[in-house]
Amino acid sequence: MALNLRQKQMSLIVRMLNLNQPSNPGGGISSASTVATEEVYKILIMDAFCLGILSPLIHVNDLRKHGITLFFPIDKSRQTVPDVPAIYFVRPTPENVDRIAADVDRGLYESFHLNFSSSLPRPLLETLAFKTLEKDAVHRISKIYDQYLEFVTLEDSLFSLAQPKAYVQINDPSAGDREIEEIVEKIVSGLFCVLSTLGVVPVIRCARGGPAEMVASSLDSRIRDHLVIKNNLFSESGVLASSFQRPILCIFDRNFELAVGIQHDWNYRPLVHDVLGMKLNRVTMPAEKAAKSYELDDSDSFWVSNSWSPFQKVAEEIETQLSKYKQDVDEVNKRTGGKDGVEFDGTDLIGNTKHLMNAVNSLPELTERKKMIDKHTNIATVLLGEIKERSLDGYCDLENDMLTKGSVDKSQLLSLLKGKGTKVDKIRLAITYLLSLETTPQSEVESIEAALRESDVDTCAFQYVKKIKSLNASLAASAGSASRSNIVDWAEKLYGQSISAVTAGMKNLLSGGRQLALTRTVEALMEGKPNPEVDSYLVFDPRAPRSGSGVQLKGPFKEAIVFMIGGGNYVEYRSLMELAQRSQPVKHVIYGTTEILNGTEFVEQLTELGQKMGLGSSGMGPSQ
């Protein structure tokens, strides 16, 4: 049985919306039939984070199917609505607990069904109990649930913990042990929610050292402690938990492969994410073009079929679909006696009854097709404008050449750096140059820095990556020696996988053509066979005895959960989906990350780290 995270999370949310009553016996997502038998109207109260959880899963109309008549943000003042139960879905924070206690005291609603996105800590539970008892209002609270849903599922096999700036927090040179432990604990809590929703206890693999090992070790302990409880979250899942084949959880740190987070991409989905800043499967068009926002998810058949195609093919497909639509409209008009080429709006329908009925029946489908074509025409038009204005095709081609060949056409590189494109486009190209070449001649680097200064580009991010690269080179050189300097120890702490952080990922990338290092490593880990590339990876098995002399891997694995600490992207997601599809038999891979980042957002984090380290060009203004 393939792991379907979206379906699992959706069924738990539907149960929550039905006052935590089990959904219909078939286990389907929609329980409209159940609700119909005993209609209960409810109000839904959420914080911003939990609204983000629901947004990609369930639309406003779907909320109404489950009896939700109104929904409000928890931090806005609300009026009393008597005789109606309220469902709260919020994070377990002191602020939210205080607001809930105040709402209960005022008796805003008939009853309160409290659902926390992750486990409610004991101190906060006691605070809530004390405040409601003090006001003699505790009887209004029906039940309190820990839902373990603190993650955002964007697709069946894609999730984000929605934890911003994790890369900065983990790599901040000024961060103390306590700050690092806090961010690791947040990541572990989010991953625990994902695993408990899926109902699986995976075998965990990660590279030695750095954030990946810290998260893996802490998650292993967290699951072990939980498995001791008799009725734990994993025992309820029945078939999957006890099945012979368990999934493998592969945890990586963003420093494992930096270039893929920075490069430009020519495919439709990454391009939409990069240029238009897609968030929660929704894209908002620039105001001067058309102040509209569009949903881009599996309800959009064009998006499902074409989102991984190169942009030029998408443009051709839009033309094809528009042409087919016009043919179908003409066909309907001919059969009903209408005029050729007239938009099908249902006003020019005459002719025999049979054709008339067929035309009426086809009207909703034709209308939906037209809306979909218009949507993608608008998006493609905006993208085309940006491509021309910023010469994005040139950036994509040159970055691809550098990453696949490991060499660079210097004149073309300098021409792009001095030509079209935003300041962020230029810094991304310069960083890709650094990461794609094993050795970068000092004279070339200086000419690139001069070109960036000429365009008034803030070079903090460039200097930061250059520093990582030089530290990794010195780290590799000193790896065999017994004496290790302070700078090397500091680099190990700061850059996670130390020796292999950037350079090993880059070598894997180059030696395998354009296949990502991440994908190759995941493939090797799923095989579960001896492989020099992954033999050094640590193994954690929460179901094995702690005192075990070594965990026995039962590979190959049919299912994998791949998690990237510090920000993921659609390029990696696509690469992993292709791996799953081309495997024989077909495997199943879920990709997750602390947050989904486009190149611009990731460069912002690199820039912030460069500033914290005092890097960057002197006397220069900000990039914008």
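The written sequence of each chain sets the order in which its residues are numbered from 1. The predicted origin of the model limits local features to residues at a pLDDT of at least 70 and limits the giving and counting of side-chain atom pairs to 80 or more, whereas totals for whole chains, interfaces and linings rest on all residues. To obtain the side-chain values, all non-hydrogen atoms of the structure were included, while hydrogens and water were left out.

**Q** Would you mind going over the state of the cysteines with me for this structure?
**A** Note on terminology: a disulfide is the covalent bond linking the sulfur atoms of two cysteines. The definition used for a disulfide is geometric: two cysteine sulfur atoms within 2.5 Å. Per the stated rule, a full pass over the model turns up zero disulfides. Its sulfur unpaired, Cys250 is 9.9 Å from the next cysteine sulfur, which belongs to Cys206. Relative accessible area decides the class of each residue, using a 1.4 Å probe on protein chains only: under 20% of the type maximum gives buried, over 50% gives exposed, and in between gives partly exposed. The class for Cys250 is buried, based on a relative accessible area of 0%.

**Q** I tried to follow the nonpolar core on my own but got confused; where do I start?
**A** Across soluble globular proteins, you tend to see nonpolar side chains buried next to one another. For the purposes of this section, nonpolar cores are sets of buried Ala, Val, Leu, Ile, Met, Phe, Trp, Tyr and Cys residues that join through side-chain atoms within 4.5 Å. Ranked by size, the top nonpolar core spans 72 residues in total, and within it Phe252, Val272 and Ile379 carry the most contacts. Once residues within four sequence positions are removed from consideration, Phe252 is found in contact with Ala212, Leu518, Thr521, Val522, Leu525, Tyr537, Val562, Phe563, Met564 and Ile565. Whether two residues are in contact is decided by their heavy atoms: any pair within 4.5 Å suffices.

**Q** Explain empty space enclosed by the protein here, please?
**A** If a probe as big as a water molecule is rolled over the atoms, it shows which places are left empty. Both site types are read off a 1 Å grid over the protein atoms alone. A 1.4 Å probe that fits but cannot get out defines a cavity, while an open set with protein on both sides within 12 Å along at least five of seven lines defines a pocket; lining residues have an atom within 4 Å of a point. Grid points are joined across faces, edges and corners, and a volume is the space filled by probe spheres set on the points. Within this structure, the stated rule accounts for three cavities of 30 Å³ or more. Size it by volume and the largest cavity reaches roughly 120 Å³. At three residues, the largest contribution of residues to the lining of the largest cavity is made by helix α11 (residues 268–276). Counted by class, the lining of the largest cavity contains six nonpolar, seven polar and three charged residues. Helix and strand definitions follow DSSP, with helices as H or I runs of at least four residues and strands as E runs of at least two, each counted in order from the N terminus. When residues are grouped by polarity, Ala, Val, Leu, Ile, Met, Phe, Trp, Tyr, Cys and Pro land in nonpolar, Asp, Glu, Lys and Arg in charged, and all others, Gly among them, in polar.

**Q** Sorry, what's going on with unusual backbone geometry here?
**A** The omega torsion of the bond from Gln584 to Pro585 falls at -5 degrees, within 30 degrees of zero and hence cis. Relative to the assigned elements, Pro585 resides in the loop between α23 (570–582) and β14 (588–593). Non-glycine residue Tyr148 carries a positive phi angle of around 50 degrees. For Tyr148, the position within the fold is in the loop between β5 (141–146) and β6 (152–155). The buried category is assigned to Tyr148, whose relative accessible area is 12%. Despite not being glycine, Asp456 shows a phi value in the positive range, around 60 degrees. Inspection of the secondary structure assignment puts Asp456 in the loop between α18 (442–454) and α19 (460–478).

**Q** Sorry if this is basic, but what is going on with the pattern of salt bridges here?
**A** Whenever a carboxyl oxygen of Asp or Glu lies within 4 Å of a side-chain nitrogen of Lys or Arg, that contact is scored as a salt bridge. Applying the stated criterion across every chain yields a total of 33 salt bridges. Across the pair Arg369 and Asp328 runs a salt bridge, and its minimum N-O distance is 2.8 Å. Of this pair, Arg369 sits in helix α14 (residues 353–390) while Asp328 sits in helix α13 (residues 311–335), placing them 41 residues apart in sequence. Arg369 gets classed as buried once you look at its relative accessible area, which sits at 15%. The class for Asp328 is partly exposed, based on a relative accessible area of 23%. With a closest N to O distance of 2.8 Å, Asp425 and Arg390 form a salt bridge. Taken together, the residues span a long stretch of sequence, with Asp425 in helix α17 (residues 423–436) and Arg390 in helix α14 at a distance of 35 residues.

**Q** Looking at this structure, I do not really get a nonpolar patch on the surface. What am I missing?
**A** Taken together, Leu51, Val60 and Phe71 make up a surface patch of nonpolar side chains, about 240 Å² in accessible area. Along the polypeptide, Leu51 turns up in helix α3 (residues 48–54). When its relative accessible area of 43% is taken as the criterion, Leu51 is described as partly exposed. Exposure above 30% relative accessible area and the lack of any salt bridge qualify a residue for a patch; like charges then connect within 9 Å, and the nonpolar side chains Val, Leu, Ile, Met, Phe, Trp and Tyr within 5 Å. Note that accessible areas follow from Shrake-Rupley with a 1.4 Å probe, and for residues the cover is restricted to the protein chains shown.

**Q** Explain the pairing of β5 here, please?
**A** In the case of a regular strand, side chains alternate between the two sheet surfaces. Sheet analysis places strand β4 (residues 109–116) next to β5, joined by five bridges and oriented parallel. Across the sheet, residue Phe116 finds its bridge partner in β5, namely Asp146. In this analysis, strands are considered paired if DSSP registers two or more bridges between them.

**Q** What is the right way to read the sheet that holds strand β3 (residues 81–90) from this model?
**A** Backbone hydrogen bonds hold the strands of a sheet together, and the pairing may be parallel or antiparallel. On the basis of which strands lie adjacent, the open sheet formed by five strands has the order β2-β1-β3-β4-β5 and parallel pairing. The outermost strands of the open sheet, each flanked by one partner alone, are β2 (68–73) and β5. Sheet twist, expressed as the average angle between the axes of neighbouring strands with direction ignored, equals 20 degrees. Running over the sheet, helix α1 (residues 5–17) touches β1 (42–46), β2, β3 and β4 and is turned about 155 degrees from β3. Only the contacting stretch of a helix is used when fitting its axis, a line to C-alpha atoms as for every element, and angles between N-to-C directions run 0 to 180 degrees.

**Q** It is not clear to me how the packing of α11 against α23 should be interpreted in this structure. Could you clarify?
**A** The angle between the axes and the distance between the axes are what describe a pair of packed helices. Taken N-terminus to C-terminus, the directions of α11 and α23 make an angle of 160 degrees; their axes are 9 Å apart at the nearest point. Regarding the angle of α11 to α23, the classification is roughly antiparallel. As for the relative orientation of α11 and α23, their crossing is right-handed in sense. Facing Arg269, Pro270 and His273 of α11, the residues of α23 in contact are Tyr570, Val571 and Tyr573. The residue inventory of the contact of α11 with α23, partitioned by class, reads four nonpolar, one polar and one charged. An angle below 35 degrees is treated as roughly parallel, one above 145 as roughly antiparallel, one from 65 to 115 as roughly perpendicular, and anything else as oblique. Note on convention: near helix rotated counterclockwise from far helix by under a right angle means a left-handed crossing. Clockwise means right-handed.

**Q** I keep staring at the sheet that holds strand β9 (residues 248–253) and nothing clicks. Help me out?
**A** Here seven strands make up an open sheet; going across it, the order is β6-β7-β14-β13-β9-β8-β12 and the pairing mixed. A single partner strand is all that each edge strand has here, and the edge strands are β6 and β12 (538–540). Strand-to-strand twist across the sheet, computed as the mean angle between neighbouring axes with direction ignored, equals 20 degrees. Inspection of the sheet shows strand β8 (residues 203–206) paired to β12 by three bridges, in the antiparallel sense. Within the sheet, the bridge partner assigned to Arg205 lies in β12 and is Val539.

**Q** Just to check I follow, could you spell out the environment of Met526 for this structure?
**A** Among the secondary structure elements, Met526 is positioned in helix α22 (residues 517–527). Sequence separation between Met526 and Pro247 is 279 residues, and the spatial gap between their C-alpha atoms is 9.0 Å. Leaving out residues up to four positions away in the same chain, Met526 has contacts with Ile248, Pro556, Phe557, Lys558, Glu559, Ala560, Lys587, His588 and Val589.

**Q** Can you help me understand the environment of Leu437 in this one?
**A** In this structure, Leu437 sits in the loop between α17 and α18. Overall, the relative accessible area of 7% leaves Leu437 in the buried class. Separated by 35 residues in sequence, Leu437 and Met402 have C-alpha atoms that sit 7.5 Å apart.

**Q** When you look at the side chain of Ser157 in this model, what are you seeing that I'm missing?
**A** Its place among the elements puts Ser157 in the loop between β6 and β7 (158–160). What Ser157 contacts, discounting residues up to four positions off in sequence, is Tyr573, Met577, His588, Val589, Ile590 and Tyr591.

**Q** Looking at this structure, I do not really get the packing of aromatic side chains. What am I missing?
**A** For any pair of aromatic rings, the description consists of the separation of the ring centres together with the inter-plane angle of the planes. Stacked, tilted and edge-to-face are the three classes applied to pairs of Phe, Tyr and Trp rings, where Trp contributes its six-membered ring and a pair requires centres within 6.5 Å; stacked means planes under 30 degrees apart, edge-to-face means over 60, and tilted covers the rest. This model, assessed by the stated rule, comprises 16 aromatic pairs. Chaining the aromatic ring pairs together yields one cluster made of Trp308, Tyr570, Tyr573 and Tyr591. Remark: a charge is flagged as sitting over a ring if the NZ atom of Lys or the CZ atom of Arg is within 6 Å of the ring centre and within 35 degrees of the ring normal. Its guanidinium or amino end placed over the ring of Phe49, Arg91 lies 3.9 Å from that ring's centre, counting from NZ or CZ. Here Arg222 stacks its cationic end above the ring of Phe192, 4.4 Å away from the centre of that ring.

**Q** Just checking my understanding: could you explain α18 for this structure?
**A** Every α-helix winds through 3.6 residues per turn, so residues three or four apart in the chain are directed the same way. Expected span, for any helix, means 1.5 Å times one less than how many residues it has. With 13 residues, α18 should reach 18 Å at 1.5 Å per residue; the first-to-last C-alpha distance of 18 Å fits that figure. All buried positions along α18 are accounted for by Glu444, Val445, Ile448, Glu449, Ala451 and Leu452. On an axial view of α18, the arc spanned by its buried residues comes to 160 degrees, and they lie on one face. α18 presents Gln442 and Glu454 as exposed residues on the side facing more than 90 degrees away from its buried surface. Among the residues trailing α18, Asp456 stands out with phi positive, at a value near 60 degrees. Throughout, the arc means the angular range of directions from the helix axis out to the C-beta atoms.

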